[in-house]
Amino acid sequence: MNLFAALLLRDLGQMFGGGRRGATLLPVLFFIAVAMLYPFAVGPAPELLARTGGGVIWVAALLASILPLDRLLQSDVERGFFDQLYLRGISEELVVTVRLLAHWLSFGPPLMVAAIPAAALLGINGQTLRTVELGLLAGTPGLAAIGLIIAALTVGMRGGAALSGLLLIPLAVPLLVFGAGALSTGGDSGIALTAAISLLLVAITPFAGGAAIRAARES
Amino acid sequence: MHGFANPARFLRIARWLTPALLVAGLALTAGSLAWGLFAAPAERLQGDTVRIVFIHVPSAWLGMGGWTAIAVASLVELVWRHPLAAIAARATAVPGAVFAAICLASGSIWGRPAWGTWWVWDGRLTSMLVLLFLYLGYIALAQASDREGASSRIVAIFGLVGAVNIPIIHFSVLWWNSLHQPPSLTTGGSAMAAEFLIPLAVATLGFSFIFGGVVLARMRAILADVQAEARLRRRALED
């Protein structure tokens, strides 16, 4: 447990304090920028924006989740951070679990906060905003999990960012379907299904990500 | 299982099996398509347009079956480190993507007379479109990992992650929106008349043979590439 906390504090320090602060802040700014861009494209009619705004927030969240991926593991692999832990007999699965929690903390809650000004820009009412926030709470762990798996798979590959996007988007479709679908059905069943998919993705991430980091070491 | 781990033994069999599968597949496909186009009757509601089913349905099955093959090969590679499994998985991706694309194109052409539009955001079409993107992502990842000299196990992990996700994608998209007719053929039985069913079965067999032949041909090409690379390296060392 001490090890878990130490690793988590170290990862969070890297994400919020160290050289990677930009990687934490940029997705949030990008997310708001997309929400700002949409009314320029379809016109400022309030009823259209209010009807489609929730979906736009979901698309913006999905796109924003691609941005931090190429730096999520890269520097630690280059500096041999994972090799050091491996030599001390700490399993990759544990390291990836901690990284997933840290990645979600640096990605999910900031996005949920940023969804409030984005909702104001798009003229979304309070009821819809509540569904969006609950959906993001249920869905961002899944987005973070897919992102971490893909970051582990593409670590060290040139052109990783475009590749990450191509790999992430199809896998994220169910989260978008249920998360944004909860907006049109208005019920909580869509959010429950989003949470279910997130849980499954979170459950496979330590094993897929750990195996990917091991495979990258072997090559 | 490791009997075929020796590429020489695999190549000895693949050498005659590849043309045999391709010729048999082309003959069966041509025969069944001729049967379906000229001999089978027009359907009561959809008329002659239904004949596209003989291309649409086998390519849909093979498009989905292709990822199943990738998943099995990926598992074999990760668990038993079988040397040919990685090559088999890579060789399956391109024909799988092509059949998924054929399924989408033929479905789109069928949709024009049947639904009055080239594309509808229907659940089963959309799920095939997402599958096509998964294939393209897999191919891009395989090429990037070859270029960077990364471990082929990376690609196998993505194959398995995709296999876990495909059922979720399929059912989520179905729930999202469905206009497509429900499957006529399930393991429980068939809602299709025999005069359609038999040419469809033959066409599926023919398409599958072509698929297998293409996979074997691509595996031989990849193996030949590896051998050529090794030979060049040996020659460079000798000089």
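Residues numbered from 1 in each chain as written. Chains lettered and ligands numbered in written order. Predicted model: local features only at pLDDT ≥ 70, side-chain atom pairs only at ≥ 80, totals over all residues. Heavy atoms only, no water.

**Topic: a nonpolar patch on the surface**
- Taken together, the side chains of Met36(A), Leu37(A), Phe40(A) and Leu121(A) make up a nonpolar region of the molecular surface, amounting to roughly 450 Å² of accessible area.
- Per-element tally for the nonpolar patch: the top contributor is helix α2 (residues 21-42) of chain A, with three residues. (Patch = residues over 30% accessible without salt bridge, like charges linked within 9 Å, V, L, I, M, F, W, Y side chains within 5 Å. Areas by Shrake-Rupley, 256 points an atom, 1.4 Å probe, with all protein chains shown as cover. Salt bridge = Lys/Arg side-chain N within 4 Å of Asp/Glu carboxyl O. Helix = DSSP H or I, 4+ residues; strand = E, 2+ residues; numbered from the N terminus.)

**So, the UniProt feature "transmembrane region" (unreviewed entry) in chain B**
Residue and element names in this part refer to chain B.
- As recorded in UniProt, the feature "transmembrane region" (unreviewed entry) lies at residues 60-80, 92-111, 123-142, 154-176 and 196-217.
- Here residues 92-111 runs as 100% helix and 0% strand, with 28 Å between its end C-alpha atoms.
- Annotated as residues 196-217, this span is 100% helix and 0% strand, and its ends, taken at the C-alpha atoms, are 31 Å apart. (UniProt positions renumbered as here; feature names shortened; annotations may be inferred.)

**Some points on the UniProt feature "transmembrane region" (unreviewed entry) in chain A**
- The positions that UniProt labels "transmembrane region" (unreviewed entry) are, in the present scheme, residues 23-41, 48-69, 101-122, 134-155, 161-183 and 190-213 of chain A.
- A helix fraction of 100% and a strand fraction of 0% characterise residues 161-183 of chain A, whose end C-alpha atoms lie 30 Å from each other.

**Points about the packing of aromatic side chains**
- Tallied over the entire structure, the rule returns six aromatic pairs over all chains.
- On the basis of an interplanar angle of 65° and a centroid distance of 5.6 Å, the ring pair of Phe81(A) and Phe82(A) is categorised as edge-to-face.
- Phe81(A) gets classed as buried once you look at its relative accessible area, which sits at 16%.
- Looking at Phe82(A), the relative accessible area reads 6%, which means it is buried.
- Each member of the aromatic cluster is reached from another via a ring pair, and the members are Trp67(B), Tyr135(B), Tyr138(B) and Phe158(B).
- The ring of Phe81(A) has Arg10(A) sitting right over it, with the charged end atom 3.7 Å from the ring centre.
- Sitting over the face of the ring of Tyr86(A), Arg217(A) holds its NZ or CZ atom 4.1 Å from the ring centroid. (Phe/Tyr/Trp six-rings, centres within 6.5 Å; stacked < 30°, edge-to-face > 60°. Buried < 20%, exposed > 50% of the residue type's maximum accessible area, 1.4 Å probe, protein only. Lys NZ or Arg CZ within 6 Å of the ring centre and 35° of its normal.)

**Concerning the packing of helix α2 (residues 53-80) of chain B against helix α3 (residues 83-115) of chain B**
Residues and elements named next belong to chain B.
- Look at α2 against α3: their axes get within 7 Å of each other, and the N-to-C directions meet at 155°. In terms of orientation, α2 and α3 fall into the roughly antiparallel class. The handedness of the crossing between α2 and α3 is left-handed.
- Split by residue class, the contact of α2 with α3 holds 17 nonpolar, nine polar and one charged. (Axes fitted to C-alpha atoms, helices over the stretch in contact; angles between N-to-C directions. Parallel < 35°, antiparallel > 145°, perpendicular 65-115°, else oblique. Left-handed = near helix turned anticlockwise from the far one by under 90°. Nonpolar A, V, L, I, M, F, W, Y, C, P; charged D, E, K, R; others polar.)

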